[in-house]
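Observations on chain architecture
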Amino acid sequence: MATTSLSSRRLAASILLITIVMMIVVESHIASAMEDGYGSVMMGHFLGLNPRSGSRFLAENVKKGDRCDPETNNICSGTKAKDGSQLLYCCKNHCRNVLSDRNHCGVCGSGCRFGQLCCNGKCTAVAYDIKNCGKCGEVCSPGERCEYGTCGYA
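Residues numbered from 1 in each chain as written. Predicted model: local features only at pLDDT ≥ 70, side-chain atom pairs only at ≥ 80, totals over all residues. Heavy atoms only, no water.

Concerning the overall build of the chain
Per the secondary structure count, the chain includes 3 helices and 7 strands. Scored against the burial criterion, the 154 residues of the chain give a buried share of 20%. Long-range pairs, those at least 24 residues apart, make up 14% of the contacts in the chain with a sequence separation of at least 6. Of the roughly 11,100 Å² of accessible surface on the chain, a fraction of 57% belongs to carbon and sulfur atoms. (Helix = DSSP H or I, 4+ residues; strand = E, 2+ residues; numbered from the N terminus. Buried < 20%, exposed > 50% of the residue type's maximum accessible area, 1.4 Å probe, protein only. Contact = heavy atoms within 4.5 Å. Areas by Shrake-Rupley, 256 points an atom, 1.4 Å probe, with all protein chains shown as cover.)

In structure tokens, the structure reads:
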């Protein structure tokens, strides 16, 4: 009788230990998902199932920096974001804005040289461009030159 009681206690202790370990594992997965952003985790899960599994509302939440896989889970293939000011493509497993990313300007992997910024998908020397003087979209007044990134530098 004592042996049966001892083995049932060991069984109960083992089950309790396994339950605790499982709870810790589940909690760590939940914490990890919360750190990554719940929306992107759920979107990746649903859109990875098949094309009709994801909701159109989940696709609207794609943002720059989200994880992607160009072959199995390409969630940002030409997706417009931020009211159309960003054009996202999957570059090196992350969604990148090819309209402003210096390392992926216009297309994935096309980097701008030193002194250039990516303005509307084109590498631009902002030190001397009158339409992008010092930064993208900074237009000099008529007759002013852009020198050293400043309009009308004297």
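Here we look at the state of the cysteines
Should the sulfur atoms of two cysteines be covalently bonded, the bond is a disulfide. Following the criterion strictly, the structure yields 8 disulfides and no others. Across the disulfide, Cys-112 is cross-linked to Cys-123 (sulfur-sulfur distance 2.2 Å). The sign of the S-S torsion, about -90°, decides the handedness of the disulfide formed by Cys-112 and Cys-123: left-handed. Residue Cys-112 is located in the loop between β3 (94-97) and β4 (116-119), and its partner Cys-123 is located in strand β5 (residues 122-125); the two are separated by 11 residues in the primary sequence. (Disulfide = S-S within 2.5 Å.)

Looking at the pattern of salt bridges
Scanning all chains against the criterion turns up 1 salt bridge. Taking the shortest distance from any N to any O, the salt bridge between Arg-145 and Glu-147 comes out at 2.9 Å. Judged by relative accessible area, which is 57%, Arg-145 ranks as exposed. Looking at Glu-147, the relative accessible area reads 19%, which means it is buried. (Salt bridge = Lys/Arg side-chain N within 4 Å of Asp/Glu carboxyl O.)

Section: the side chain of Thr-124
Tracing the backbone shows Thr-124 in strand β5. Judged by its relative accessible area of 9%, Thr-124 falls in the buried class. Those residues in contact with Thr-124 that lie beyond four places of it in its chain are Gly-115, Gln-116, Leu-117, Cys-119, Asp-129 and Asn-132.

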